[in-house]
Amino acid sequence: MTKLQVPFFRPALQEDEINEVVATLRSGWLTSGPKVKRFEEEFAAAVSGRPQGAKSKAHSVHAVAVNSSTAALHLAVEALGLKPGQGVLVPTMTFAATAEVVRYQGATPILVDCDPFTLNMDLEDAGRRAESGGQKSEVRGRGSDTKIVGIMPVHVGGTLMNLDHLEQFANAHSLWVVEDAAHAFPVGWRAKADQPWQQRSNGSKSVTCYSFYANKTITTGEGGMAVTSNARLADRMRLMSLHGLSADAWGRYASNGSWDYKIVAPGYKYNLTDIAAAIGIHQLGRGEAMRREREEIARTYREAFAAIGQVDLPAGDANRIESWHLFAIRLRLKSLKIDRNEFIDELKRAGVGCSVHWRPLHLHPYYQKTFGWRAKDFPVATAQWKRLVSLPIFPGMREDEISHVIRTVKRICKHHAR
């Protein structure tokens with residue numbers, strides 16, 4: 001009998017996506033065009049209100065589709081005017097892209113420790129690093145003349161930060177905000193039960209960047225979206241996404257378009273294709289349904305693991321709608337005879353795909369060598385990442401797969417319990 005293999009992720013693609021892609025191929029227009037425009041408009045509408053359809057204050061929202069979330073982040077910091085020598089507050093608990101786009105601009109990412117419960121950026125630590133002198137060890141990598149101009153929070157696993165606190169912090173320190181929301185669609189946050197739901201920051205100097213990579217909550221294969229309420233920022237990002245040209249290809253080659261264009265700025269090649277958008281249109285339409293599937297799997301996991309003394313589980317919150325992009329357990333290492341890496345090896349031998357989100361940036365060679373950051377400079381992230389294991393959670397996950405994950409985790413914990 002073949003051993004059951006549970007992948008860490010499997011994309012949930014249906015006939016609608018396939019048919020839309022085929023129709024796009026047959027249309028004769030493959031690159032950025034009408035499908036991208038439709039995807040942008042529908043995504044902007046989707047992030048203007050509550051994910052579950054409840055009433056929410058509407059805002060003018062602009063969405064710029066690009067070929068990755070990294071591209072969205074880069075376009076955002078460029079549009080906000082990030083310059084060489086400036087500093088940006090970036091969580092150490094994140095993927096490479098959040099900080100690397102700061103380096104693209106010749107600026108300095110000022111790493112910030114994480115909250116021990118959500119793993120999101122700790123704003124108290126961010127405040128200390130923003131206000132401390134350049135020579136102090138807790139702000140390694142920051143020169144004494146570095147001006148901090150922005151903050152780039154990450155909503156880890158699809159759990160939104162307290163958006164009111166984020167806005168208050170940014171205003172108090174005169175910072176722009178670029179949210180790395182690669183995990184965070186669809187989501188919601190509210191201050192309390194009688195308040196409207198919010199899905200992103202909405203300041204005049206804020207951009208929220210989403211990912212449509214293959215394993216994200218909705219996918220275009222590769223892709224991303226930059227969303228803002230500031231029309232000027234949206235125009236700049238759109239311009240820079242396609243070589244800084246005054247007219248895109250659809251505008252030049254459409255029957256009523258003009259062949260002429262002008263180079264307004266030295267831009268990038270970050271545009272999304274109509275083929276990718278064809279997938280995204282239908283993924284977006286099922287975004288909330290897929291979120292609810294992940295939510296039900298998370299509920300099953302939490303119930304099944306509640307009595308296990310060797311793991312801590314993600315905490316729920318009535319004032320948050322989670323995307324459940326990740327289900328990250330944290331091992332109680334003092335209650336186990338094995339470490340996290342050995343735990344993962346056991347999962348893999350049992351046919352359970354898994355991952356770790358993430359190795360914090362301060363523990364990567366580039367950031368250690370370039371800025372001299374050390375493990376003790378970020379005590380919470382340093383301690384928490386050694387405990388993290390992300391389990392499979394995706395729409396379309398079968399009952400036998402979920403049961404296999406649960407049985408395997410329980411067996412490992414029991415076998416290796418202290």
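About the cut-offs
- Sequence order as written defines residue numbering, which begins from 1 separately in each chain.
- Per-residue local features of the predicted model are confined to residues with pLDDT of at least 70, and side-chain atom pairs are confined, for both listing and counting, to 80 or more; whole-chain, interface and lining totals are unaffected and use all residues.
- Computation of side-chain values: all heavy atoms of the structure, hydrogens and water removed.
- Two strands are said to pair when DSSP picks up at least two bridges between them.
- A run of H or I in DSSP counts as a helix once it spans at least four residues, and a run of E counts as a strand once it spans at least two, with each numbered from the N terminus.
- In this analysis, two residues are considered to be in contact whenever any of their non-hydrogen atoms come within 4.5 Å of each other.
- Note on geometry: axes are lines fitted to C-alpha atoms, helical ones only across the stretch in contact, with angles between N-to-C directions running from 0 to 180 degrees.
- Handedness of a crossover is defined as follows: with both strands directed away from the viewer, a clockwise route from the first strand across the helix to the second makes it right-handed.
- Each residue gets one of three labels from its accessible area relative to the maximum for its type: buried under 20%, exposed over 50%, partly exposed in between, using a 1.4 Å probe on protein chains only.
- Definition of a polar contact: a pair of N or O atoms within 3.5 Å, with one able to donate and the other able to accept a hydrogen when the atoms are protein atoms, and with sequence-neighbouring residues admitted only if both atoms are side-chain atoms.
- What pLDDT reports is the predictor's confidence in each residue, on a scale of 0 through 100.

Caption draft 1: Representation of the sheet that holds strand E9 (residues 311–312) within the structure. The strand order across the open sheet formed by 3 strands is E9-E11-E12, and the pairing between neighbours is antiparallel. The open sheet terminates on both sides in strands that have one partner only, identified here as E9 and strand E12 (388–391). By the bridge criterion, 4 bridges tie strand E11 (residues 327–331) to E12 in an arrangement that is antiparallel. From the neighbouring strand, isoleucine 329 faces E12, where its bridge partner is valine 389. Across the face of the sheet, helix H10 (residues 287–305) comes into contact with E9, E11 and E12 while running at roughly 20 degrees to E11.

Caption draft 2: A look at the pairing of strand E4 (residues 148–151). As paired elements, strand E2 (residues 87–91) and E4 share 3 bridges and run parallel to each other. Its bridge partner being in E4, valine 88 is matched across the sheet by glycine 150. Note on the crossover from E4 through helix H6 (residues 163–172) to strand E5 (residues 176–180): the handedness is right-handed.

Caption draft 3: Region of the structure containing the sheet that holds E4. Spatially, 7 strands are ordered E1-E8-E7-E5-E4-E2-E3 in an open sheet, and the strand pairing comes out mixed. Lying at the two open borders of the sheet, with one neighbouring strand each, are strand E1 (62–66) and strand E3 (108–112). Adjacent strand axes in the sheet meet at a mean angle of 25 degrees, parallel and antiparallel pairs treated alike. On top of the sheet, helix H2 (residues 34–46) reaches E1, strand E7 (206–211) and strand E8 (224–228); it is set at about 135 degrees to E1, its chief contact. Across the sheet, H6 touches E2, E4 and E5, and the angle it forms with E5 is around 145 degrees.

Caption draft 4: Structural view of the environment of threonine 146. For threonine 146, the location among the structural elements is in the loop between helix H5 (123–131) and E4. For threonine 146, a relative accessible area of 9% gives the class buried. On a C-alpha basis, the gap between threonine 146 and glycine 85 in space is 6.2 Å, while along the polypeptide they are 61 residues apart. Residue contacts for threonine 146: discarding those within four places in its chain leaves Gly85, Gln86 and Gly87.

Caption draft 5: Summary view of the environment of asparagine 319. If you trace the backbone, asparagine 319 turns up in the loop between E9 and strand E10 (320–321). Sequence spacing of asparagine 319 and glycine 267 is 52 residues, and the spatial spacing of their C-alpha atoms is 40 Å. For asparagine 319, the contacting residues outside a window of four places in its chain are Gly188, Trp189, Arg190, Ala191, Lys192, Ala193 and Trp197. Here arginine 190 takes part through its side chain, which lies 2.9 Å from a polar atom of the side chain of asparagine 319.

Caption draft 6: Inspection of unusual backbone geometry at higher detail. In this structure, the amide linkage connecting phenylalanine 185 to the following residue, proline 186, adopts the cis form with an omega of -10 degrees. You can see proline 186 is positioned in the loop between E5 and strand E6 (188–189). In this structure, the amide linkage connecting histidine 357 to the following residue, tryptophan 358, adopts the cis form with an omega of -10 degrees. Within the element layout of this structure, tryptophan 358 appears in the loop between helix H11 (340–349) and helix H12 (365–371). At serine 174, a position not held by glycine, the phi torsion is positive, near 55 degrees. Topologically, serine 174 is positioned in the loop between H6 and E5.

Caption draft 7: Molecular detail of the confidence of the model for the protein chain. Summing up the model confidence of the protein chain, the mean pLDDT is 93 and the portion of residues at 70 or higher is 92%. Contacts from residues 133–138, a stretch scored under 50 in pLDDT, to residues over four places away or in other chains number 10 contacts.

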